[in-house]
Amino acid sequence: MLRYTLKRLGIFAGCLVVVWGLVYSGVFPRGLGDSNGMWIILLALVISAPISFVVLRQERDRASEQVVRRVDRMKANLDANRSQEDLADDTARAQGQTS
């Protein structure tokens, strides 16, 4: 998961540098007034998103498998805890009825 995030940030940083260079060289238009920095960041986000989607497909699949394994493990732990509580509750009720 960390590897995917770092690669995604790397693609964004690369796009940010390229967009910054293209804006300051005049290829892309500048933002209005003081919004130039925000314009560059938004443009870099828009460009890096589809690149990340295509390039990081395998990393995304690995990350999602890790998330699914963690969720399944947490569900199993919750089910085990629930069954232990049910057993303890049934035992307590059985002991209360015999007294």
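With an unreviewed UniProt entry as reference, the protein chain is termed Membrane protein, source organism Streptomyces leeuwenhoekii.

> So, helix H2 (residues 36–55): which residues are in play, and what are the values?
For H2, built from 20 residues, the straight-helix expectation of 28 Å at 1.5 Å per residue is met to within 8% by its first-to-last C-alpha distance of 28 Å. The sharpest bend along H2 reaches about 25° and sits at Ser48, with the proline Pro50 one to four residues further on. Of all the positions in H2, only Asn36, Ile40, Leu43, Ala44, Ser48 and Ser52 are classed as buried.

> Describe the packing of helix H1 (residues 2–25) against H2, with residues and values.
Each pair of packed helices can be summarised by the angle the axes make with each other and by the distance between the axes. Following both chains from N to C, one finds H1 and H2 inclined at 135°, their axes separated by 8 Å at the closest point. In terms of axis orientation, H1 runs oblique to H2. By crossing handedness, the relation of H1 to H2 is classed as right-handed. Here the contact of H1 with H2 is built from residues that sort into 18 nonpolar, three polar and one charged.

> Quick rundown of the pattern of salt bridges? Include the residues and the values.
Counted by the stated rule, this structure contains three salt bridges. Among the salt bridges present, the one from Arg3 reaches Glu59, with a minimum N-O distance of 3.5 Å. Taken together, the positions of Arg3 in helix H1 and Glu59 in helix H3 (residues 57–98) put the pair 56 residues apart, joining distant regions of the chain. Here Glu59 falls in the buried class, since its relative accessible area comes to 9%. With a closest N to O distance of 3.4 Å, Lys7 and Glu59 form a salt bridge. Of this pair, Lys7 sits in helix H1 while Glu59 sits in helix H3, and the two are 52 residues apart along the sequence. Judged by its relative accessible area of 37%, Lys7 falls in the partly exposed class. Overlapping salt bridges bring together Arg3, Lys7, Glu59 and Arg62 as one network.

> So what about the environment of Leu45? Which residues, and what values?
Note that Leu45 resides in helix H2. The spatial distance from the C-alpha of Leu45 to the C-alpha of Ile11 is 9.6 Å, given a sequence separation of 34 residues.

> Could you give an account of the nonpolar core, naming the residues involved and the relevant values?
Soluble, globular proteins show a tendency: their nonpolar side chains are buried together. Ranked by size, the top nonpolar core spans nine residues in total: Tyr4, Ile11, Cys15, Val19, Val23, Ile40, Leu43, Ala44 and Leu56. For this core, the secondary-structure elements that each account for two or more residues are H1 and H2. With five residues, H1 is the largest single contributor of residues to this core. In this structure, Val23 is in contact with Phe28, Pro29, Arg30, Asn36, Trp39 and Ile40, ignoring residues within four places of it in sequence.

Analysis parameters
Numbering of residues begins from 1 in every chain and follows the order in which that chain's sequence is written. With the structure being a predicted model, the display of local features is reserved for residues of pLDDT at least 70 and the display and counting of side-chain atom pairs for 80 or more, all residues being used for whole-chain, interface and lining totals. Side-chain measures here rest on the full set of heavy atoms in the structure, leaving out hydrogens and waters. Elements are defined by DSSP. Helices are runs of H or I of four residues or more, strands are runs of E of two residues or more, and each kind is numbered from the N terminus. Expected span of a helix, by definition, is 1.5 Å for each gap between consecutive residues, and there is one gap fewer than residues. Note on bend: the value at a residue is the angle between axes fitted to the seven residues ending there and to the seven starting there. Three exposure classes are used, based on accessible area relative to the maximum for each residue type with a 1.4 Å probe and protein chains only: buried under 20%, partly exposed in between, and exposed over 50%. Lines fitted to C-alpha atoms define the axes, with helix axes restricted to the stretch in contact, and inter-axis angles between N-to-C directions lie between 0 and 180 degrees. Each angle is binned into one of four classes, with values under 35 degrees roughly parallel, values over 145 roughly antiparallel, values of 65 to 115 roughly perpendicular, and all other values oblique. By convention, the crossing between two helices is left-handed when the near helix turns anticlockwise from the far helix through less than a right angle, and right-handed when the turn is clockwise. Three classes are used: nonpolar for Ala, Val, Leu, Ile, Met, Phe, Trp, Tyr, Cys and Pro, charged for Asp, Glu, Lys and Arg, and polar for all others, with Gly counted as polar. Salt bridges are defined by distance alone: a side-chain nitrogen of Lys or Arg within 4 Å of a carboxyl oxygen of Asp or Glu. Note on terminology: a nonpolar core comprises buried Ala, Val, Leu, Ile, Met, Phe, Trp, Tyr and Cys residues joined through side-chain atoms within 4.5 Å. The contact criterion used is simple: two residues touch if any of their non-hydrogen atoms lie within 4.5 Å.

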